[in-house]
Amino acid sequence: MSATLVARGLAGGHAHRTLFEGLDLTVAPGDVVGVVGANGAGKSTLLRLLAGVDEPLAGTVATAPVDAFVGWLPQEHERIEGETVLGYIARRTGCATATEEMERTASLLGSDVPGADDAYASAFDHWMASGAPDLEDRVPAVLAELGLDVGADALMTSLSGGQAARAALAALLLSRFDVVLLDEPTNDLDLAGLERLESFVTGLRQGVVLVSHDREFLARCVTRIVELDLAQNKVAVYDGGYDAFLEERAIARRHAREAYDEFADKKADLVARARVQREWSSQGVRNAMKKSPDNDKIRRKAQGESSEKQAQKVRQMESRIARLEEVEEPRKEWELQFSIAAAPRSSSVVATLNEATLELGGFTFGPASVQVNAGDRIGITGPNGAGKSTLLRLLLGRVAPTSGSASLGASVAIGEIDQARTGLDEALPLGDAFEKAVPSMASGEVRTLLAKFGLKAAQVASPVAALSPGERTRAALALLQARGVNLLVLDEPTNHLDLPAIEQLEQALDSYAGALLLVTHDRRLLDNVALDERWSVEAGRVAPL
């Protein structure tokens, strides 16, 4: 069914704070709308409002037809204990809820409940539209297409991060929504998964609204951009794709700065001239009092009139200042400005593997023979589950090879951001965990540094395990600035980072002089970061690209 979603004068936020307001947005069939903005700007809040999960602070959200099936797929960082892959897909596609409602209304048939027949008919139509009747039959083929070699009865808690990401993609491919709302659908997907997701999104006839920090994905998919500007407390809709949005936004920001500078210069000039006129007027009055004898009425009158003329000029200047159309100064957006602290140079050979293999259950990594030298900048790509993280663990000496050898050079100071962001003690509050990791820093210094990374008092006092993935990533980046490193290991560092922070990370990597091992599926990051080598890992084997 073709459906249109319409938001009018929409405002969202919390009881104590409005994040955005005045949003007018129409999502027609075939539209792909990307929502961008800094973390905390209200992107997920907007999706919840469009899905009808939360009530807006102001404005309305409606669909045409009114019974359109709006599907919202939020980020899920925790998996439900005991839930199978099939159960997960049924829940994410809305089939489980549709089935429960159909069965509930069916149980009322023949009872005295008013409207039971109509309720059942509506629930049955929704159940059919959701794709629930044949979902179980459709699941195996999609799982096989995505290379998810587990059965539909496998527990979600038993899957790796990459497998869970493919299960989430399977749920999307199997959904039959009339309007699709996606929150960070690219997280943890490998390049093949990203390409499949892009193909699906661009091929949909339904309208799509999505939140993503993957710049290449946005550039390839979206037809319009909604920007939630936290710094200016404004919301804007840009027609055209992501790259057109970047260009148009840059022009708009430049014009806003030029307009303010012109206003500020003009106002400053008028204020200065008014001050001079006031000084002249005051001086004229004083001169008149000093120079005019009491019996020289004509001179006194002339000088008084001159002073009045000066005062009139002052009033005219003040009137011109008051009539100036006020131009608000553009507020500078908060930026994550950081650098990666350097440690003394390590040995010339940082890490080596020589015919190294590692047996992990039914998976065999290797044999692999690679070498990382001081200052080498190496990008590592490959499918999920191919062995990229295993390669890093062997190089860093975190695990011993089953056969062959692995060695770490002398004076190697490692700075690492792993996929799970486990660099800090999860049982401790963030501030205490950070002090434990960097005992040379005083408590005040720790809190000041974390504040620079957008981590405020509430986060500093929270256990590390309770932080959001984005907050954990920022804490991991702060740790890199606090400790000197000469071997930097980044495993999917852009997951859960907003676009401004990703750009700042690229700048920090540009000025970092040590060895770098960068595992990422972020295609623009790979293009923007200067690399000496590229390695591909597939089925446990490492090959240069």
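It should be emphasised that the depicted structure is a prediction, and the values quoted were computed from it without experimental measurement. The residue numbers shown here count from 1 along each chain, following its written sequence. Residue-level local features of this predicted model are given only where pLDDT is at least 70; pairs of side-chain atoms are given and counted only at 80 or more, and the full residue set underlies all totals for whole chains, interfaces and linings. Hydrogens and waters are ignored; side-chain quantities use all the structure's heavy atoms.

Notes on helix α15 (residues 469-482)
- Between its terminal C-alpha atoms α15 stretches 20 Å, which fits the 20 Å expected from 14 residues at 1.5 Å a residue.
- Relative accessibility decides the category of a residue: with a 1.4 Å probe and only protein chains considered, values under 20% of the type maximum give buried, values over 50% give exposed, and everything between is partly exposed. The secondary structure listing takes helices from DSSP runs of H or I that are at least 4 residues long and strands from runs of E that are at least 2 residues long, numbered from the N terminus. When we look at burial in α15, the residues that qualify are Pro 469, Gly 470, Arg 472, Thr 473, Arg 474, Ala 475, Ala 476, Leu 477, Ala 478, Leu 479, Leu 480 and Gln 481.
- Residues of α15 that are buried sit in contact with β14 (414-417), α12 (430-437), α13 (443-452), β15 (487-491) and α16 (499-511). Expected helix span is computed as 1.5 Å times (number of residues minus one). Residues count as neighbours in contact if any of their non-hydrogen atoms are within 4.5 Å of one another.

As for the pairing of strand β17 (residues 533-538)
- Between any two strands, pairing holds if DSSP finds at least two bridges. The pairing of strand β12 (residues 377-381) with β17 spans four bridges and is parallel. Paired with Gly 379 across the strands is Arg 534, a residue of β17.
- Inspection of the sheet shows β17 paired to strand β18 (residues 541-544) by four bridges, in the antiparallel sense. Bridge pairing in β18 links Val 537 to Val 542.

Brief notes about the sheet that holds β15
- Strands sit in the order β14-β15-β16-β12-β17-β18 across an open sheet of six strands; the sheet is mixed. Edge positions in the sheet fall to β14 and β18, since each has one partner strand and no second. Across the sheet, the mean angle separating the axes of adjacent strands is 15° when strand polarity is ignored.
- Examined bridge by bridge, β15 and strand β16 (residues 515-519) share five bridges and lie parallel to one another. The residue of β16 that forms the bridge with Leu 490 is Leu 518. Think of each axis as a best-fit line through the C-alpha atoms, taken over the contacting stretch in the case of a helix, with angles from 0 to 180 degrees between the N-to-C directions.

Regarding the pairing of strand β9 (residues 234-239)
- In this structure, strand β8 (residues 224-229) lies alongside β9, joined through six bridges in antiparallel fashion. Residue pairing in the sheet places Asp 229 in a bridge with Lys 234 of β9.

Digging into the packing of aromatic side chains
- Under the pairing criterion, centres of Phe, Tyr and Trp rings, with the six-membered ring standing for Trp, must be within 6.5 Å; the plane angle then separates stacked pairs below 30 degrees from edge-to-face pairs above 60, leaving the rest tilted. Taken as a whole and assessed by the stated rule, the structure comprises six aromatic pairs.
- Ring centres of Phe 69 and Phe 177 lie 5.1 Å apart, and the angle between their planes is 80°; this geometry places the pair in the edge-to-face category. Of this pair, Phe 69 sits in the loop between β4 (58-64) and β5 (70-73) while Phe 177 sits in the loop between α6 (161-174) and β6 (179-183), and the two are 108 residues apart along the sequence. The pair formed by Phe 69 and Phe 177 is uniform in burial state, with each residue classed as buried.
- With centroids separated by 5.0 Å and ring planes inclined at 70°, the aromatic side chains of Tyr 238 and Phe 245 adopt a geometry described as edge-to-face.
- Under the relative-accessibility criterion, Tyr 238 is labelled buried at 10%.

Some remarks on the packing of helix α3 (residues 95-106) against helix α4 (residues 116-130)
- Between α3 and α4, the shortest axis-to-axis distance is 8 Å and the interhelical angle comes to 155°. With respect to α4, the element α3 is oriented roughly antiparallel. Once α3 is placed against α4, the crossing between them reads as left-handed. Of the residues in α4, those in contact with Cys 95, Ala 98, Thr 99, Glu 101, Met 102, Thr 105 and Ala 106 of α3 are Ala 119, Tyr 120, Ala 123, Phe 124, His 126, Trp 127 and Ser 130.
- Three residue categories are used. Nonpolar comprises Ala, Val, Leu, Ile, Met, Phe, Trp, Tyr, Cys and Pro, charged comprises Asp, Glu, Lys and Arg, and polar comprises the others, including Gly. Taken together, the residues of the contact of α3 with α4 sort by class into nine nonpolar, four polar and one charged. Throughout this description, any angle smaller than 35 degrees is read as roughly parallel, any larger than 145 degrees as roughly antiparallel, any in the 65 to 115 degree range as roughly perpendicular, and the remainder as oblique. Crossings are sorted by hand: turned counterclockwise from the far helix by less than a right angle, the near helix makes the crossing left-handed, and turned clockwise it makes it right-handed.

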